[in-house]
Amino acid sequence: MKYGLNMLLWTTDVNESHYRLLEQIKGWGYDGVELPIFELDVARFKSLGGKLTSLGLERTAVTVSTGDANPVSDSPAVRQAAVDRLKKVVDCCHAAGAQKLCGPIHSALGQFSGAGPTASELGWCKETLLQVADFARDAGVTLVVEYLNRFECYVLTSAADTARFVTECNHPNIRMMYDTFHANIEEKDLAAAIKACAPVTVHVHISENDRSTPGEGHVDWETTWKALKEIRYEGWLVVEAFGLTLPELAAATKIWRRMHPSEEYLATRALRFMKSRWEGS
């Protein structure tokens, strides 16, 4: 098992100003960090990858899809823009040494049609991601599709639907992840959800119901850990939490009040919580 920390707790753009923080994260005991990839500067990610290697920190990556590059758009030009943008993100992953690209790459974040996904939209999404997956395979990167709750997207909003989508894509470089925050909203039975997507799950986000310190909210952690152990999950456990460090990020993630004493408090206690629950039994 590897324990990671999503850098969105502090920033959308990890750079030289965060090198001291990265050293601290290594000192706290994390195996790696999850890098937001929103600024598509390949050279800068190569430099960042070198720094992480020198610190002994592994890395995964996370991104989103945007309205002007939406994989489910009815416009061929917009879908091609999605292919082009995601390929550039893959280039950044490769430069940084990240082998997994996670996130809601299936559709534009926060955009809705007023109905559930159509067969055409799902078909366009598959076509888009399959083109990127071939490119990602050559770069040694796996696309890891994340479903979100109904308030953030409409295309993929459950473990079962996402597992079906990934299975139908039938590509070794398209897999999915499980996020405890979204599952807490959408799943009726957490154990059943985890087991339903087990064959194609390669990544897990550990996120509390209020996006604050894992273990201090009401996510059903006992069921979650038990189910993950029963499916013999062996991938990353990555803390995803948000705070008030950046006003723009706080607004995007709907964080309106401080819910932890400090980012260090959250990060250190989250790691202690994960290790105690995973390794303690």
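Everything in this summary refers to the structure shown in the same document. Note that this is a predicted model, so its numbers are computed, not measured.

The rules behind the values
Residues numbered from 1 in each chain as written. Predicted model: local features only at pLDDT ≥ 70, side-chain atom pairs only at ≥ 80, totals over all residues. Heavy atoms only, no water. 1 Å grid on protein atoms, 1.4 Å probe; cavity = no way out; pocket = protein on both sides within 12 Å on 5 of 7 lines; lining within 4 Å. Points joined across faces, edges and corners; volume = space filled by probe spheres on them. Helix = DSSP H or I, 4+ residues; strand = E, 2+ residues; numbered from the N terminus. Phe/Tyr/Trp six-rings, centres within 6.5 Å; stacked < 30°, edge-to-face > 60°. Buried < 20%, exposed > 50% of the residue type's maximum accessible area, 1.4 Å probe, protein only. Lys NZ or Arg CZ within 6 Å of the ring centre and 35° of its normal. Expected span 1.5 Å × (residues − 1). Contact = heavy atoms within 4.5 Å. Polar contact = N/O pair within 3.5 Å; in protein donor to acceptor, adjacent residues only side chain to side chain. Axes fitted to C-alpha atoms, helices over the stretch in contact; angles between N-to-C directions. Parallel < 35°, antiparallel > 145°, perpendicular 65-115°, else oblique. Left-handed = near helix turned anticlockwise from the far one by under 90°. Nonpolar A, V, L, I, M, F, W, Y, C, P; charged D, E, K, R; others polar. Pairing = 2+ DSSP bridges.

## Points about empty space enclosed by the protein
Rolling a probe over the atoms, with the probe sized like a water molecule, indicates the empty space that remains. All told, the structure shown has one cavity of 30 Å³ or more when counted by the stated rule. In this model, the largest cavity occupies a volume close to 40 Å³. Lining the largest cavity are V14, N15, E16, Y19, R44, F45, S47 and L48. Considering each element in turn, the lining of the largest cavity owes the most residues, four residues, to helix α2 (residues 42–55).

## Focus on the packing of aromatic side chains
With the rule as written, the count across this model stands at six aromatic pairs. Residues W225 and W278 carry aromatic rings whose centres are separated by 6.1 Å and whose planes lie at 70 degrees to one another, so their mutual orientation is edge-to-face. Of this pair, W225 sits in helix α8 (residues 221–230) while W278 sits in helix α10 (residues 263–279), and the two are 53 residues apart along the sequence. Note on accessibility: W225 and W278 belong to one class, buried. Clustering of aromatic rings is evident, with ring pairs tying together W221, W225, F273 and W278. We note R211 situated over the ring of F181; from NZ or CZ to the ring centre the distance is 3.8 Å.

## Some thoughts on α10
Its 17 residues place the ends of α10 24 Å apart at the C-alpha level, agreeing with the 24 Å of an ideal helix rising 1.5 Å per residue. By the burial criterion, the buried members of α10 are E263, L266, A267, T268, A270, L271, F273, M274 and W278. Where α10 is buried, its residues contact β1 (2–6), α1 (19–28), β7 (201–206), α8 and β8 (236–239).

## What about the side chain of T11?
In this structure, T11 sits in the loop between β1 and α1. Of note is the side chain of T11, whose polar atom sits 2.9 Å from the backbone nitrogen of D13. Beyond its immediate sequence surroundings of up to four residues, T11 is in contact with H18, P36, L246 and L249.

## A closer look at the packing of helix α4 (residues 119–139) against helix α5 (residues 159–169)
Between α4 and α5, the shortest axis-to-axis distance is 10 Å and the interhelical angle comes to 55 degrees. Between α4 and α5, the angle is such that the two are oblique. Considering only the axes of α4 and α5, their crossing is right-handed. Here L122, C125, K126, L129 and L130 of α4 come into contact with α5, specifically with F165, E168 and C169. Of the residues in the contact of α4 with α5, the class split is six nonpolar, no polar and two charged.

## Things to note about the packing of α8 against α10
Relative orientation of the contacting elements α8 and α10 amounts to 55 degrees, with a least axis distance of 10 Å. Overall, the two elements α8 and α10 adopt an arrangement that is oblique. Between α8 and α10 lies a crossing whose hand is right-handed. For the pair α8 and α10, contact is made by W221, W225, L228 and K229 and by F273, M274, R277 and W278, respectively. A class-by-class count of the residues in the contact of α8 with α10 yields six nonpolar, no polar and two charged.

## Here's the deal with the sheet that holds β1
Read around the barrel, eight strands follow the order β1-β2-β3-β4-β5-β6-β7-β8 and close on themselves; strand pairing throughout is parallel. Geometrically, the sheet is characterised by an average inter-axis angle of 30 degrees between neighbouring strands, direction not taken into account. Where strand β6 (residues 174–179) and β7 come together, four bridges link them in parallel fashion. In the strand pairing of β7, M176 is matched with T201. Those strands touched by α2 are β2 (32–36) and β3 (58–62), and its axis lies near 170 degrees from that of β2. Most of the contacts of α5 go to β6, to which it runs at about 170 degrees, and overall it touches β5 (142–146) and β6.

## Considerations on the environment of M7
Tracing the sequence through the fold places M7 in the loop between β1 and α1. Residue M7 is classed as buried on the basis of its relative accessible area of 0%. What M7 contacts, discounting residues up to four positions off in sequence, is V14, L21, L22, I25, V33, E34 and P36.

## A word on the environment of A191
Locating A191 in the fold gives a position in helix α7 (residues 190–196). A191 sits 65 residues away from K126 along the chain, and the two C-alpha atoms are 27 Å apart. Apart from residues lying up to four places away in sequence, A191 is in contact with T223 and A227.

By themselves, these are just geometric observations and shouldn't be taken as functional.
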